[in-house]
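Structure at a glance
Okay, here's what each chain looks like letter by letter:
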Amino acid sequence: MLEHHFGAVLLSHLLTQTPVPGLGDHVTPVEIRFQARAVTAVDDYVVTGRAGNGALHYLSIGVRRRPRLAVSDSSSVELMRAFLATLQQQWTYLCAGRWHLALAVAAPFPRAASVQALTTAAAAAGSAGVFRHRVAEPGRLNKSAHRALSDLQSLISAAVAHGAPDSGVACDALTWRLLAHLSVLELRLEGVRPVDRTAAVERLQSMACLTGAADGDALFSRLRECASDYAPAGATVNRESLLRALRGAPFIRDETPKVAVPLPRPRRGRATTSRLPRVVWSHTGLLRPHARQPRVHDGTLLVVDGHVLHALDAASGKPLWKPKSMGYDNQPPVDGTTVFASAIGSTLRPRSLHTGVESGPRIDKCAAGQAVCARGTLYVPDLQGVLHVYDTASGRRLWSWRPEPAVSGFLETPRVVGDGVFVTWTGCDASRPWTLLALDTEKRRPRWAEPIRLASAQRWLVSADSVYVISPGERGEAPWLSTYDVHSGAFVRREQLPGPVVGMLSSNTTLRLAHQDGHVSSWNALSGENRWTVKVARALRARPVAAGEEILVAAWDPGRLFALSDATGEKVWDAPARPTASFEAPAYVAGSAAWAVSRAGVLQGWDLQTRRRLGDIDAGLVWEPAEQGVPQLSGGVLYIVTKNGSLHAIRLEEAS
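Presented here is a report on the structure given in the accompanying data block.

Procedures and definitions
- Residues numbered from 1 in each chain as written.
- Predicted model: local features only at pLDDT ≥ 70, side-chain atom pairs only at ≥ 80, totals over all residues.
- Heavy atoms only, no water.
- Pairing = 2+ DSSP bridges.
- Helix = DSSP H or I, 4+ residues; strand = E, 2+ residues; numbered from the N terminus.
- Axes fitted to C-alpha atoms, helices over the stretch in contact; angles between N-to-C directions.
- Parallel < 35°, antiparallel > 145°, perpendicular 65-115°, else oblique.
- Left-handed = near helix turned anticlockwise from the far one by under 90°.
- Contact = heavy atoms within 4.5 Å.
- Nonpolar A, V, L, I, M, F, W, Y, C, P; charged D, E, K, R; others polar.
- Core = buried A, V, L, I, M, F, W, Y, C linked by side-chain atoms within 4.5 Å.
- Buried < 20%, exposed > 50% of the residue type's maximum accessible area, 1.4 Å probe, protein only.
- Expected span 1.5 Å × (residues − 1).
- Arc of directions from axis to C-beta.
- Salt bridge = Lys/Arg side-chain N within 4 Å of Asp/Glu carboxyl O.

Details of the sheet that holds strand β16 (residues 377-381)
With antiparallel pairing, the four strands of this open sheet are ordered in space as β15-β16-β17-β18. Strands with a single pairing partner mark the edges of an open sheet, and in this sheet they are β15 (372-374) and β18 (397-401). Neighbour-to-neighbour, the strand axes of the sheet open up by a mean angle of 20°, direction not taken into account. As paired elements, β16 and strand β17 (residues 387-391) share five bridges and run antiparallel to each other. For T377, the partnering residue across the bridge sits in β17 and is D391.

Structure representation (structure tokens):
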């Protein structure tokens, strides 16, 4: 059966992580849905892929052996109804290049060349009017292509007459829309020499145990069996589930990661990082006092200095472009090589990260200080409390959402975790002013039936499975930790905490909290149960940091670095700041060493294996974390803006 042979070809692309024709050569397939009627009307296959910037792309494929594409053929009319329905449902994503349509046919298909000539001309035209004029030019298309265009327009008119959506445009405009976003895939999977099957077998050789072609051929045959099982069930398959289905087959290489043998702990002696830390470069007088801590993106250092945005080369510290004016103290989001810098008048201006030149359409009348980028998508509220979602590459708006009842604005920048975007706002009811809701980024609608509503929230955090909300206790009592299911928003558990929280650290299995009164607590990430709680100091002001099987806590009083067992909370070792001073910022882990900057402005380090003290830098590295943020460690280099506006790049780990 042609459809199942093609399913095996798609599975071969998924298994070998190679581009699928029609989805984009820059896109890696990550998921295949069989008979995906719940997702799109063109439902034989929906292939999901991920671009280099993390943006998800989709390809809806209709498979027909040799469609007549004529009004007299009822199956062709039904096929066109499916394409027109998907065209309307996914129009914004199609325009942004994030959704694609394909018709897969068996070769030789008599009309393939004609339809492909039409799709090429439609995509190049850019609009229905230009396309109409071009195809009317003498010699632009041959007679076969003109006949195919006429038949296609008649077929579209018939499909609309039978209930297909016309998207509010005339037939010729609808024809252009379809052709501009359609690929025709000729499948050579049957007959004496099935070329596409041979190409799939060649792709699969990298996954086979041996280099012989027989293993690749056997693997393709097994994928053909999988496709036959997946199609009737309407299965959704990713690479991990496919590898599980193939596990144990004699012709496929085992990709199970080998357990690494731990290296023996070195004896106490001279530290291997004795040449560190060292200053790579410094700038004095470049920034004003209390400028924000820099962020590194693709080798570019961005520094927000009040109403000014600086861009420097991270390696050399040289300015890349002249400082740009921007909204006060707004940390601009970055996607790939584009930075979305705010401007006067509640506007976002996309600029090239390396040149500073504007690189796309502006977004006006938005809450520019609440914009965030994630996986090729920009999330930014407007000034009326509506969240808008844009494709960062094209600047096209993908979808919008507004809370019900309407609100005047959101409390903070949306947070994107996995396939969800989390937003907070205040309501009219004074007794419940704080609301949290998760939106599904793929389905473009709320994920939870009801939002989380609390009197107020001190902090909140999202993990892969849970939402944690820390809310203050009544009448001065200790705060509470409430756990909710991230998929449904359902309440899971509520526990009282030792004291106010100053920092959080989460993983898939554990949530660790640092408390103002010197306690550190650990919680099960799924059940919300307390694993352990210990008191390590009189006062803490910084979040804990993971270092292998240990948790590092930089304490305010006394000024010491504590290493706790992540499993039990037991103190493994500790060391004082020298000279005596408090720690207000978290520690940094670079390779086999831990580093921390004290309130005396001294950067000092410890070898995590020998616990031996390393070198230090006393360069007046003093800043205000509450105003300036926490410095970033990137590529083994720590970038710090001091209280007086000096900027330093300090290497803590040798480049690999």
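Topic: the packing of helix α4 (residues 112-125) against helix α5 (residues 128-136)
Two elements in contact, α4 and α5, have axes whose closest approach is 8 Å; the angle formed by their N-to-C orientations is 130°. Classed by the angle they form, the pair α4 and α5 counts as oblique. Along this stretch, α4 crosses α5, giving a crossing that reads as right-handed. From α4, L118, A121, A122, A124 and A125 reach across to α5, where they touch V130, F131 and R134. A per-class count over the contact of α4 with α5 returns seven nonpolar, no polar and one charged.

Points about the nonpolar core
If you look at the biggest cluster of nonpolar residues, it comprises 73 residues, and the most contacted ones within it are M80, F83, F422 and V467. The dominant element in this core, judged by the number of residues it contributes, is helix α6 (residues 143-161), at eight residues. Contact partners of F422, with chain neighbours within four places excluded, come to P414, R415, V417, L436, L437, A438, R447, W448, W460, V462, V467 and V486.

Structural notes on α4
In this model α4 runs 20 Å from its N-terminal to its C-terminal C-alpha over 14 residues, within 8% of the 20 Å that 1.5 Å per residue would give. Every buried residue of α4 is listed here: A112, S114, V115, L118, T119, A122 and A125. Buried residues of α4 fall within an arc of 165° about the axis and therefore sit on the same side. Across α4 from its buried face, at more than 90 degrees, point the exposed residues A113, T120 and A124. Considering only its buried residues, α4 is in contact with α5, α6, α7 (171-180) and β5 (182-187).

Side note on the sheet that holds strand β38 (residues 593-597)
Strand order across the open sheet formed by four strands is β37-β38-β39-β40, with antiparallel pairing between neighbours. The sheet terminates laterally at β37 (588-590) and β40 (613-618), the two strands that pair on one side only. In this sheet, adjacent strand axes meet at a mean angle of 20° when their direction is disregarded. For β38 and strand β39 (residues 602-607), the ladder comprises five bridges, and the chain directions are antiparallel. Bridged to A594 within β39 is W606.

Notes on the pairing of β16
Within β16, five of the five residues are buried, leaving the element largely enclosed by the surrounding structure. With burial as the criterion, each face of β16 is covered, one bearing T377, Y379 and P381 and the other bearing L378 and V380. Two elements, β15 and β16, share three bridges in a ladder whose sense is antiparallel. Paired with A374 across the strands is T377, a residue of β16. Turn length for the β15-β16 hairpin, with the two strands adjacent in sequence and antiparallel, is two residues, and the turn residue R375 shows positive phi of about 50°. Between β16 and the antiparallel strand that follows it, β17, lie five residues; G385 among them carries a positive phi value of about 85°.

Description of the pattern of salt bridges
Going through the model one piece at a time under the given rule, you end up with 31 salt bridges. D172 is paired through a salt bridge with R132; the nearest N and O atoms lie 2.6 Å apart. Of this pair, D172 sits in helix α7 while R132 sits in helix α5, placing them 40 residues apart in sequence. For D172, a relative accessible area of 28% puts it in the partly exposed group. Judged by its relative accessible area of 42%, R132 is partly exposed. Residues R560 and D574 are paired through a salt bridge, measuring 2.6 Å at the closest nitrogen-oxygen approach. Taken as a pair, R560 in strand β35 (residues 560-565) and D574 in strand β36 (residues 571-576) lie far apart in primary sequence, 14 residues in all. Taking relative accessible area as the criterion, R560 reaches 25% and is therefore assigned partly exposed. Taking the relative accessible area as the measure of exposure, D574 reaches 25% and is therefore partly exposed. What you see here is one network of salt bridges that share partners, running through R541, E584, R599, E624 and K643.

Any link to function would need more than the numbers given here.
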